[in-house]
Amino acid sequence: MKTFDVGRIRAAAETRPIVSFDVFDTLLLRTTADPLTAFHLVEKLYGFHGFTELRQSAELEARARAQKHGREDTTLDEIYDVMAERGGAAYREAKPVECEVEKGLLRPNRELCDLCREFISSGKRVIALSDMYHDTAFITGLLAGADLPVEEVYVSSDTGKLKNTGGMYAHLLARLGVSPSDILHIGDNWTADVKLARANGITAIYYPKIQVQASATPLIPQHLLSPARPDRIYASLCAGLGQVAWSDADKPTSKRNLSWWLGYTLVGPLARLFVEWLYRRARAAGVEELYFLRRDGELWQQMFAELFPDVKSRLIYGNRKLLQDADLESLLAPGPFPADHAIAFRISHGDSIASIADDLAFPPELAEAIERELGRSGAWQAGGLEQRLRLFLDFIRNNAGLWRDYAKEKRGSLISYYRELGISPDRKDSIALVDIGWRLSSFRVLDSVLGFEPQGLFMGIARGAYFNRRFSGFLFQYGTPEKAYRLYKPHFIEVLETLFGGTEPSAIALAQGGEFVYDELDAGEEKRISLTRSMYAGSMAFARHLSGSVDYISSMSDENLHDAAQDLVDRMVNSPDAAFFDALCALEFSAYAGKSGTTRKPLASTWQAGLANVAPKEAESVADSPSLPPEVAAFWGQACSRSLVPSGLFGIMSRHRIRRAVSLIERSGLLDGEWYFSEYPHATDCGFGAAEHYVRYGAFKGYNPNRSFDTFEYLLENPAVARAGMNPLVHYILHGRFELRGNA
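Residues numbered from 1 in each chain as written. Predicted model: local features only at pLDDT ≥ 70, side-chain atom pairs only at ≥ 80, totals over all residues. Heavy atoms only, no water.

Caption draft 1: Structural view of the sheet that holds strand E6 (residues 183–187). Spatial ordering of the open sheet is given by E5-E4-E1-E6-E7, a layout of five strands whose pairing is parallel. At either end of the open sheet lies a strand with only one pairing partner, and these are strand E5 (152–155) and strand E7 (203–206). On average, each strand axis in the sheet is inclined to that of its neighbour by 20°, with strand direction left out of account. Seen against the sheet, helix H7 (residues 136–145) touches strand E4 (125–130) and E5 and runs at an angle of roughly 130° to E5. (Pairing = 2+ DSSP bridges. Helix = DSSP H or I, 4+ residues; strand = E, 2+ residues; numbered from the N terminus. Axes fitted to C-alpha atoms, helices over the stretch in contact; angles between N-to-C directions. Contact = heavy atoms within 4.5 Å.)

Following this line, the structure appears as structure tokens:
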């Protein structure tokens, strides 16, 4: 759902011969949620230790020196001169690297690029303006790479003038020798691209950042859109790619439903980390072929086969129902009926005797016997679960001969199936099985069926699970630190199994002739499969888009892979939002619709009930604030109403965080206490100092800490700051001033 109508730009341009566009976050979009992530990538990928911190401080120093010489902005060469002075000449080698990383992280904004080409074709003069330390040649090359042959490019590093001060517009008018009424300017920064352009008489249209527009749509799970820290590189890439994907108007909206976005923002990123780990484990262990167990492994195998074709992979059947069918002879042993057995599951769900016999592909003689002894039995019809399990067990033991022959046939059929696929003892060191994992109870049977202990690679292995010493878990296993287990709250495992549920009905038995018997495909299961296909399409789209960006994931250590996965899981578990639950509920309710006798409580609703998922009431009035520019009030109001920030600007801050924020603001000197209390006199009633009042209440109400820093404008231009729950002035002090965000 698009929230900005480019028709406004087209209409405004009709009477103006010149159209100018901002470049970054307007014509070109970053595939990271935070621009600073580019510096962290340079540091991580190319080993420039301390690069990020030095690069930021050098930019500040270079800009200060430029301003002393009458220029408003600095150049990349000047920044690297300062870096060489402070860190040594070796840092000069990072300059071309930074340029390549910057280039690799940019993608065209399709709707504006198409509009730009339309204007060029119609004969309008199209120019580009940018407040940037890169030179004109570099920016021109970026635009040419996006097939945007604009007439002229004006960059602050070469002109010495900034849009952010208004100087660029005066310079532009002087160079072009035209009236301000001849120009239409479009950009994403309310101050630099709109207010100051209008102050120079130029008509300007605010194009909200993609983050703001995406935040206003009900499609995207908001808690995964923007990470709080730029040094969480993978999370920043995931969020940035999500924003770029949202802006891509080529694909029909109908294909990008809630399930698609759930795949793109959560399932895909998690699966991509897992298959990277699988590939490394396979190569390290000399594994020649990976066997992914249906249905959980379907997406992983598709992604693995596309990304790593040098290692063979295939999907095989091996779920609990099939494997337990191969171990049916164990039911003849003394003792009660195993409660976790697939047959017990069928009985507990009220399946009829005929249905059970059909699902398990009983041979005719056994099917006739069970129908005669149990199907027509009054005790079976009137009995509860415990009585039915006892009656079924009695039947098995009373017909031990028939049951033993049937069990041996089932076991032999499954062994033959696996042998035909190449799963045999002589290949035990060159193959591995892949599954979602957890308790691994069915793998105890699989070891017995195969006649050897296979290598197993799993998403996770729970405590107390069956473990054959050749198994490894990605998210957690034996030896995982205690803190990692605390991430996985009740229901998480079941939710993950729902997300990786596959796009086909479950195989419940292997019949004579090697044919599989599948679970009933009812309307609910058809809907679940349809939603899962959409989710998997989003997941694969993410994997392909990530491959087309800067190659970071292959450089991540195994520890980084685990940390990034746990970060995704932590966000999903601790701060899910309405879109996530909508998508999950759709999957779950489809899966259990029409299942007679089910007593399973919907996970999504149970989980959601235990979480706070409502923003404070005050957020509803933000869009009506007179401090908010009316042109963008609708965007910000929608963004606020959909933001889920459990602590921070729109929630309850801890005392420790308040003290830290207050101390930081007071040391910065950026809060003018005398002006603050004169501007907002009722703030003195609370008994707090100006800085503490601003942290606790003022920022939320849109109060400004000084004459030049506009709280709402800063949040509008940096929506990730609001979603991260960070005070805008604190963010500016720590990050924004290094990136020319806002103006204090």
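Caption draft 2: Focus on the packing of aromatic side chains. Summed over the entire model, instances satisfying the criterion amount to 32 aromatic pairs. Considering the side-chain rings of tryptophan 277 and phenylalanine 474, the 5.5 Å spacing of their centres and the 45° angle between planes classify their relative orientation as tilted. Of this pair, tryptophan 277 sits in helix H13 (residues 258–284) while phenylalanine 474 sits in the loop between strand E12 (471–473) and helix H23 (482–485), placing them 197 residues apart in sequence. Summarising the aromatic geometry, the rings of phenylalanine 709 and tyrosine 732 are spaced 5.7 Å apart at their centres and angled 65° between planes, so their arrangement reads as edge-to-face. Taken together, the positions of phenylalanine 709 in the loop between helix H32 (690–701) and helix H33 (711–717) and tyrosine 732 in helix H35 (residues 728–734) put the pair 23 residues apart, joining distant regions of the chain. In this structure tyrosine 732 comes out as buried when scored by relative accessible area, which is 11%. What links up through ring pairs into an aromatic cluster is the set Trp675, Tyr676, Phe677, Tyr680, Tyr694 and Tyr703. (Phe/Tyr/Trp six-rings, centres within 6.5 Å; stacked < 30°, edge-to-face > 60°. Buried < 20%, exposed > 50% of the residue type's maximum accessible area, 1.4 Å probe, protein only.)

Caption draft 3: Structural context of the sheet that holds strand E9 (residues 312–317). One open sheet holds the five strands; their spatial order is E9-E8-E10-E11-E12, and the pairing between them is parallel. The open sheet has two edge strands, E9 and E12, and neither has a second partner. On average, each strand axis in the sheet is tilted by 30° relative to the strand beside it, whichever way the strands run. Of the pairings in the sheet, the one linking strand E10 (residues 431–438) to strand E11 (residues 455–461) comprises six bridges and is parallel in character. Opposite valine 434, over in E11, you have leucine 457 as the bridge partner. Across the sheet, H13 touches strand E8 (289–294), E10, E11 and E12, and the angle it forms with E11 is around 150°. Here helix H14 (residues 298–307) sits on the sheet and contacts E8, E9, E10 and E11; the angle it forms with E9, its principal contact strand, is near 165°.

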